[in-house]
Protein chains: 2
Amino acid sequence: MATFDKILTAKAIHIGKLAAQATTAAGSGHPSTALSLATITAVLMYHVMRWDPADPANAGSDRLVLSEGHAVPIIYAACADLGVTIYPGAVGHTTAEKADGPGKRMTVDDLLTLRDIKSPIDGHPNPMMGFPFFDAATGSLGQGLSVAGGLGAAARVDKHNKVIYCIIGDGESREGQIWEAMDFIADQKLSNVVAIFNCNEIAQSDYVAAAQTADALQKKAEAFGWKAINVDGHDPTALVNALKQRTEAMVAGKPLCLIARTVKGWGAASQQGLGHHGHPIPEKDLASVLKELDATAEELGAAGISADESKKVLKIHPPLPAPAKPQAGKLITLAQAAEKAKLTDALVTKKKLSPRRAFGLALDALGDANPNVVGLDADVKNSTFAQDFAKDHPSHYFECRIAEQNMVSVAAGLASGHKIPFASTFGKFFSRAFDQIEMAIIGGSNIKLVGTHIGVTLAADGPSQMAITDVAILRAIGHATDHRGKPAITVLTPCDAVSAYAMVLAMAEWPSAVYLRALRADTGIVYGESETFEFGKFKVVKKGTGGGKGKKLTIATSGYLVHTVLKAAPKFEQAGIDLTLVDAYSLPFAADELLALAEGGPILTVEDNYTGGIGSEVAEAAAKTGKVKVDSLFIRNLPKSGKTPEDVLEFVHLGEADILAKAKSLVG
Amino acid sequence: MATFDKILTAKAIHIGKLAAQATTAAGSGHPSTALSLATITAVLMYHVMRWDPADPANAGSDRLVLSEGHAVPIIYAACADLGVTIYPGAVGHTTAEKADGPGKRMTVDDLLTLRDIKSPIDGHPNPMMGFPFFDAATGSLGQGLSVAGGLGAAARVDKHNKVIYCIIGDGESREGQIWEAMDFIADQKLSNVVAIFNCNEIAQSDYVAAAQTADALQKKAEAFGWKAINVDGHDPTALVNALKQRTEAMVAGKPLCLIARTVKGWGAASQQGLGHHGHPIPEKDLASVLKELDATAEELGAAGISADESKKVLKIHPPLPAPAKPQAGKLITLAQAAEKAKLTDALVTKKKLSPRRAFGLALDALGDANPNVVGLDADVKNSTFAQDFAKDHPSHYFECRIAEQNMVSVAAGLASGHKIPFASTFGKFFSRAFDQIEMAIIGGSNIKLVGTHIGVTLAADGPSQMAITDVAILRAIGHATDHRGKPAITVLTPCDAVSAYAMVLAMAEWPSAVYLRALRADTGIVYGESETFEFGKFKVVKKGTGGGKGKKLTIATSGYLVHTVLKAAPKFEQAGIDLTLVDAYSLPFAADELLALAEGGPILTVEDNYTGGIGSEVAEAAAKTGKVKVDSLFIRNLPKSGKTPEDVLEFVHLGEADILAKAKSLVG
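The structure presented is a predicted model; accordingly, all values stated were derived computationally and were not measured.

Draft legend 1. Structural view of the overall build of chain A. Per the secondary structure count, chain A includes 29 helices and 21 strands. Computed over its C-alpha atoms, the radius of gyration of chain A comes to 28 Å, within 12% of the 26 Å expected for a compact globule of 668 residues. Expressed along its principal axes, the backbone C-alpha trace of chain A runs to roughly 90 × 50 × 45 Å. Evaluated residue by residue, chain A yields a buried proportion of 69% over its 668 residues. Expressed as a percentage of contacts within chain A between residues at least 6 apart in sequence, the contacts between residues at least 24 apart total 78%. Here chain A has roughly 20400 Å² of accessible surface; of this, 52% comes from carbon and sulfur atoms. Distance between charge centroids for chain A: 4 Å, based on 66 positive and 72 negative side chains.

Draft legend 2. Representation of the relation of the copies chain A and chain B within the structure. You can overlay chain A on chain B at an RMSD of 0.0 Å; the transform is a turn of 180° with a shift of 0.0 Å along its axis. Both copies of the chain, as the preceding transformation shows, are related through a two-fold rotation axis. Within chain A, the C-alpha atom positioned nearest to the axis of rotation is that of Gly 176 of chain A, 1.8 Å from it.

Draft legend 3. Region of interest: unusual backbone geometry. A cis geometry characterises the amide bond from Leu 587 of chain A onward to Pro 588 of chain A, with omega recorded as -5°. Position of Pro 588 of chain A among the secondary structure elements: in the loop between strand 19 (586-587) and helix 26 (591-598). With phi around 65°, His 653 of chain A is a residue other than glycine that occupies positive phi space. With respect to the helices and strands, the residue His 653 of chain A is situated in the loop between helix 28 (645-651) and helix 29 (656-667). When its relative accessible area of 46% is taken as the criterion, His 653 of chain A is described as partly exposed. With a phi angle near 55°, Lys 351 of chain B is a residue other than glycine that sits in the positive phi range. Structurally, Lys 351 of chain B can be placed in the loop between helix 15 (344-349) and strand 8 (352-353).

Draft legend 4. Up close: the sheet that holds strand 6 (residues 227-232) of chain A. Residue and element names in this part refer to chain A. Reading across from one edge, 1-4-5-7-6 is the order of the 5 strands in this open sheet, with parallel pairing throughout. Two strands close off the open sheet at either side, each with one partner strand: strand 1 (63-66) and strand 6. Shown here is a sheet whose adjacent strand axes are inclined to one another by a mean of 20°, direction ignored. Relative to strand 5 (residues 193-199), strand 4 (residues 164-169) runs parallel, the two being bridged by 6 bridges. Among the inter-strand pairings, Gly 169 is bridged to a residue of strand 5, identified as Asn 198.

Draft legend 5. Molecular detail of the packing of helix 1 (residues 3-26) of chain A against helix 4 (residues 73-82) of chain A. Residues and elements named next belong to chain A. The N-to-C vectors of helix 1 and helix 4 enclose an angle of 110°; their axes lie 8 Å apart at closest approach. When the axis of helix 1 is compared with that of helix 4, the two are roughly perpendicular. Pair helix 1 / helix 4 crosses with right-handed handedness. Between helix 1 and helix 4, the contacting residues are Lys 11, His 14, Ile 15, Gly 16, Leu 18, Ala 19 and Thr 23 on the first element and Pro 73, Ile 74, Ala 77, Ala 78 and Asp 81 on the second. In terms of residue class, the contact of helix 1 with helix 4 is built from 7 nonpolar, 3 polar and 2 charged.

Draft legend 6. Geometry of the nonpolar core. In terms of nonpolar packing, the biggest core is built from 246 residues, with Phe 572 of chain A together with Phe 572 of chain B touching the most fellow members. Apart from the residues within four sequence positions on either side, Phe 572 of chain B is in contact with Leu 553, Ile 555, Val 565, Ile 577, Leu 579, Ile 659, Leu 660 and Ala 663 of chain B.

Draft legend 7. Inspection of the interface of chain A and chain B at higher detail. Across the contact, 120 residues belong to chain A and 120 residues belong to chain B. With both chains or domains summed, chain A and chain B bury close to 9100 Å², and 53% of this area falls on carbon and sulfur atoms. The interface formed by chain A and chain B contains 17 salt bridges. Two residues, Arg 174 of chain A and Asp 187 of chain B, come together in a salt bridge whose shortest N-O distance is 2.8 Å. For the pair chain A and chain B, the interface holds 69 residue pairs in polar contact (both at pLDDT 80 or more). Taken together, the residues that form the side of chain A that touches chain B break down as 48 nonpolar, 38 polar and 34 charged.

Draft legend 8. Inspection of the side chain of Asp 377 of chain B at higher detail. Residue and element names in this part refer to chain B. The residue Asp 377 is located in strand 9 (residues 373-377) in this model. This buried residue, Asp 377, is left without a salt bridge; Lys 381 holds the nearest opposite charge, at 6.4 Å. A polar atom in the side chain of Asp 377 sits 2.8 Å from the backbone nitrogen of Val 380. Those residues in contact with Asp 377 that lie beyond four places of it in its chain are Thr 384, Ala 386, Tyr 397, Phe 398, Glu 399, Cys 400, Arg 401, Met 407, Ser 424 and Thr 425.

Draft legend 9. Quick look at the side chain of Arg 401 of chain A. Following the sequence through the fold, Arg 401 of chain A ends up in the loop between strand 10 (397-399) and helix 19 (404-416). Here the side chain of Arg 401 of chain A touches Tyr 207 of chain B through a polar contact of 2.6 Å, landing on its backbone oxygen. The contacts of Arg 401 of chain A, once residues within four sequence positions are left out, are Asp 187, Asp 377, Ala 378 and Asp 379 of chain A together with Arg 174, Asp 206, Tyr 207, Val 208 and Ala 209 of chain B.

Draft legend 10. Broad picture of the sheet that holds strand 20 (residues 603-606) of chain A. Residue and element names in this part refer to chain A. With mixed pairing, 5 strands are arranged side by side in an open sheet as 16-18-17-20-21. Since the sheet does not close on itself, it has two edges, and those belong to strand 16 (539-542) and strand 21 (630-633), each with one partner. Strand-to-strand twist of the sheet, defined as the mean angle between neighbouring strand axes without regard to direction, takes the value 25°. In this structure, strand 17 (residues 551-557) lies alongside strand 20, joined through 4 bridges in parallel fashion. Looking at strand 20, one finds that Thr 554 is bridged to Ile 603. Sheet contacts for helix 24 (residues 560-567): strand 16, strand 17, strand 18 (577-583) and strand 20; angle to strand 18, the most-contacted strand, approximately 160°.

Draft legend 11. Region of the structure containing the packing of aromatic side chains. Residues and elements named next belong to chain A. Evaluated as defined, the whole model comprises 30 aromatic pairs over all chains. When the ring of Tyr 76 is compared with that of Phe 131, the centres are 4.9 Å apart and the planes differ by 80°; the resulting orientation is edge-to-face. Note that Tyr 76 is positioned in helix 4 and Phe 131 in the loop between helix 6 (108-111) and helix 7 (144-157), a separation of 55 residues in sequence. For the pair shown, Tyr 76 and Phe 131 are each scored as buried.

Draft legend 12. View of the pattern of salt bridges. Under the counting rule described, the total for this entry stands at 62 salt bridges over all chains. Across the pair Lys 340 of chain A and Asp 364 of chain A runs a salt bridge, and its minimum N-O distance is 3.1 Å. Of this pair, Lys 340 of chain A sits in helix 14 (residues 334-340) while Asp 364 of chain A is found in helix 16 (residues 355-369), placing the two residues 24 residues apart along the sequence. One salt bridge in this structure joins Lys 350 of chain B and Asp 345 of chain B, with 3.2 Å as the shortest N-O distance.

Draft legend 13. Seen up close, the environment of Asp 55 of chain B. All names here are of chain B. Inspection of the secondary structure assignment puts Asp 55 in the loop between helix 3 (38-48) and strand 1 (63-66). Assessed through its relative accessible area of 33%, Asp 55 is described here as partly exposed. The sequence separation of Asp 55 and Lys 537 amounts to 482 residues, and the corresponding C-alpha distance is 39 Å.

Draft legend 14. Seen up close, the pairing of strand 4 (residues 164-169) of chain B. Residue and element names in this part refer to chain B. In terms of burial, strand 4 is largely enclosed, as 6 of its 6 residues are buried. For strand 1 and strand 4, the ladder comprises 4 bridges, and the chain directions are parallel. Bridge assignment links Val 65 to a residue of strand 4, and that residue is Cys 166. Handedness of the crossover joining strand 4 and strand 5 (residues 193-199) through helix 8 (residues 176-187) is recorded here as right-handed.

Draft legend 15. Seen up close, the packing of helix 7 of chain A against helix 8 (residues 176-187) of chain A. Residues and elements named next belong to chain A. For the pair helix 7 and helix 8, interaxial distance at closest approach is 8 Å and the crossing angle is 25°. Classified by the interaxial angle, the pair formed by helix 7 and helix 8 is roughly parallel. The handedness of the crossing between helix 7 and helix 8 comes out as left-handed. Mapping the contact onto sequence places Leu 145, Ser 146 and Gly 149 in helix 7 and Gln 177, Ile 178, Ala 181, Met 182, Phe 184 and Ile 185 in helix 8.

The rules behind each value
- Residues numbered from 1 in each chain as written.
- Chains lettered and ligands numbered in written order.
- Predicted model: local features only at pLDDT ≥ 70, side-chain atom pairs only at ≥ 80, totals over all residues.
- Heavy atoms only, no water.
- Helix = DSSP H or I, 4+ residues; strand = E, 2+ residues; numbered from the N terminus.
- Rg over C-alpha atoms; globule rule 2.2 N^0.38 Å.
- Buried < 20%, exposed > 50% of the residue type's maximum accessible area, 1.4 Å probe, protein only.
- Contact = heavy atoms within 4.5 Å.
- Areas by Shrake-Rupley, 256 points an atom, 1.4 Å probe, with all protein chains shown as cover.
- Lys, Arg positive; Asp, Glu negative; His and termini not counted.
- Charge placed at Lys NZ, Arg CZ, Asp CG, Glu CD.
- Least-squares fit on C-alpha atoms with pLDDT ≥ 70 in both.
- Pairing = 2+ DSSP bridges.
- Axes fitted to C-alpha atoms, helices over the stretch in contact; angles between N-to-C directions.
- Parallel < 35°, antiparallel > 145°, perpendicular 65-115°, else oblique.
- Left-handed = near helix turned anticlockwise from the far one by under 90°.
- Nonpolar A, V, L, I, M, F, W, Y, C, P; charged D, E, K, R; others polar.
- Core = buried A, V, L, I, M, F, W, Y, C linked by side-chain atoms within 4.5 Å.
- Buried area = accessible area lost by both parts, 1.4 Å probe.
- Salt bridge = Lys/Arg side-chain N within 4 Å of Asp/Glu carboxyl O.
- Polar contact = N/O pair within 3.5 Å; in protein donor to acceptor, adjacent residues only side chain to side chain.
- Phe/Tyr/Trp six-rings, centres within 6.5 Å; stacked < 30°, edge-to-face > 60°.
- Right-handed = clockwise from strand over helix to strand, strands pointing away.

Here is the structure:
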């Protein structure tokens, strides 16, 4: 064995032993997977990557995304060995201030706190727990390569030469999202991304399928337009040489991937074969496993390397200079944006413009003013109107085609790469990426999502295209506080073009994740252009007249139904109801303030989605008082196609007559 | 052109014209996509498939899954031409009884009701709106091939020789789930499934990417282990011959796919090229487009075919005899199941067994007794304990590997194939398949999902593995009534092995979708073995003593936290609280009955998930009365790893002390 190989292998054994110790100390974790990655980790972190252990988040450094997050003990082990800076003060923080507390250089003692409630060394990679070496939370499998694609896309926008390495499990490569990412990276010619498939042949409950063997993965990668090199994942020189072929592949316009043949439980025969996945080594067996690893070092001629000798060979290359951070300029108004797009007639004269069209205008305006804003869409840019941005800012637009999971995780990567990513598609299609959205939030990625064609008012296309489950799940997550002290995600449903435009601009400034729901329909203009829309608040669209003129009722609704109720206002008056109409455009929102507004009178919530939105929000606040009456209308039967929004609203019992009848019964 | 080709092409033109007329009448839809499939549809529905237009759901017939659901007008057109039986009475039904109303033979008049609110001809395929030719609701792209895989798997269980055809868009094949399905079908050697890629080269907003051209798709399909034939999608004889190669491919152990080169807007040059996707032909242009289509027929020598001539050649082969419907036998008890699995010590002596272990026992017991029950798992069967079933019932078990989206849609297909599919994985990983779950529900598939390792009490693995968003979204859907008059999905969270076992057995009998959440932890036994657990109800685990002995408080919780509160019961007593503890194991549930139980006293809900579960359910019911005080504890900050459930519960402010403090403040 050449000196380089010996020293690298010795390091691999060393961090492998540390990983074994850490998981035994934790009483859980995946040492056998970690060992399969020992050599690859040593090659990347001690030799190939250009980075700074003292400043692991340095924006000029190469990045490593560990898609198979359960292998993380091997990375932690290397970090403990290298004294990577960690932030124990960030654990359990709820505000950005605390998260920025003092760092410390990681030690083996820190490593042995793996998975402890007070430790930044979480069970799976999570930068927000004080471990900024990582850019993304991983562990829910199949998502890392997309994140790496996003980091690569951000580097391209920055014209920066960093390289993003991504390690993927062979079993994990069964996830379709991996192949969405393979398509995306090849399509975008992001040759700054290198995928490494860890082919240890054993998944959790069985050997991998024939479809996930090294040979099969190589064929697939080639069919997906990648240069794929089949390499011994425990041969340092072979790995280094394979990685060097990135530049060659780049010339051919292909990204590079390594099909790295590895051994699960490498170096310790007792940990190999089936039945070891996710099992830490029992304390009583640890010493003998460590001996096995030492024996492997001996056998490979990698024993007895002095620290000096190791240091001489293993020099980590420093990061490249960090990319510049461009400043945002001044934004144009909606009127100006409409003029630019020749929509003044619709906006000013006809006073009808869809919120999705306003999103398109706002995104394009953001693109004009803020070089940090990037756009992504999933082949519906002519429906979401992300097309304006795509046309005007091609270097900042990433067409994701029909692959929403990849799009969301790419957005997460772009956010980690210091961009402000707006990802748009039909709201319905974000529902296949809820896991990806949650993982992005866990990892602290400041993503901006815009789901269009929401609600049953989409009408003609039917339920396969209607976003009606999104409100419940994202409001639920939004009631958790994220690492910045903000709602983990804010859900916005503007009812008109003015509010949509204003909210999209505000999204770019907001420090945390936001999901905006943009109606398909051309809706009337409700607000004056100077109106502002604070997240977490609501607007009073129509204030009751008070003074005993009818029975007091407050209706809280959003989106299309604001118009439905507004149009029906005279009928409420005829029915002797003194109506206050609230546009509850934000979730979560200050429901207490709504209770105050209602002054003890009944509240009716009306929603074009399944339950779990405004109705739950208001009922929860009201029930805390035990004094306010709240009733709710929402979708209570599975919808279908209809030719008009009204047809389908009636079908799901949300028509004007339904609302009026419920209102009467509530005040009566 | 040979006579066969002429007659088939004439039919293709005929149904193409009908599809154009239908979308124009609807004022929306996708005529250009429909035209690209005209020839393929004619070949399949008039010649290749063995089926009965009078009885389109016949269990002995070949099946067609239209994954690219927006192309459906061409299928509707063929059905109108063939007089396929439809059920207009099923539209808007909310009970199974109404759905079974009288059918009628579809006419062109019916076709022209496309997308109308009263029409069974929905915007995208939906069997539950009275159109049983289809087995699944499609339109949210990428899911159909998995459904076809499920139908193929069901046929294999039945030892039935039907063939399942699945049509996939080329743009759609960007969805990762397509490749999950390609892997699954190849792995399982389901050569009764035939995939047809409709390569018309145009997606919605642009041409398809290089990665989705016919050549690229062929290479990919081959790399995924399929026999892929590149064929002219408008050449009837070529299509028929290509489809005949299925038997040959089968011998080689490979499934067959066709890479069918088609023309978007086939037959009408004015509808070809970019910019026509999803645009119906304006009424004023319809006549000229129909003329274009007639001219194409002329040009291809397919004009002037008499009805007699056509009928003589286009004979539809009848269905095969339907498979037998095997009957279920008697189920063993939990005690018997535990004995069989050598778990009597845990269950009876130690009285500690995890709900996930009980799921494993129950699924195996179901497998012993009911030949209709099938199992699916995503490479975690040794964690979910689906492994008992997999081992004992290999012909009824389908290992799905790490690909959850495919698993859920395969389950939907199995349900459509008259099986009772139990799909299991970590609850967290179902969150990437929420769209698939919703589509299965829309399509009426009676799926049974079991998510294990739920809640932050999973502890050591951290948030990437914790199911805490599932409750909100699935409760929300569950508040909609499905076509059988049941909650569209019922969410169950058993707190012990007895209730878990009972609920899993009950799931198999329940007519609608169910999602059971099974704890990882070995929890104590709360219930006697004879206890029953009605869906939509709750259990009183501890009844307050009443009679003024302390301040009345009702706590509603579920899962792990039932034990937390139960254990703390003496502390509540010491604090002067007369505690009633409710196990709210089902969502939705009869919250009114809980209010009655509380007798006007305050209610505290406690949940190991984000908001949107029990707390919302009870608050909504309470707020309707405007009289009952309800406060709630749920996860309000992003969780992390911890070594014990208690560590993480404390981290998210759900520890015993938090509950006690909240209880005191609520009664104080």
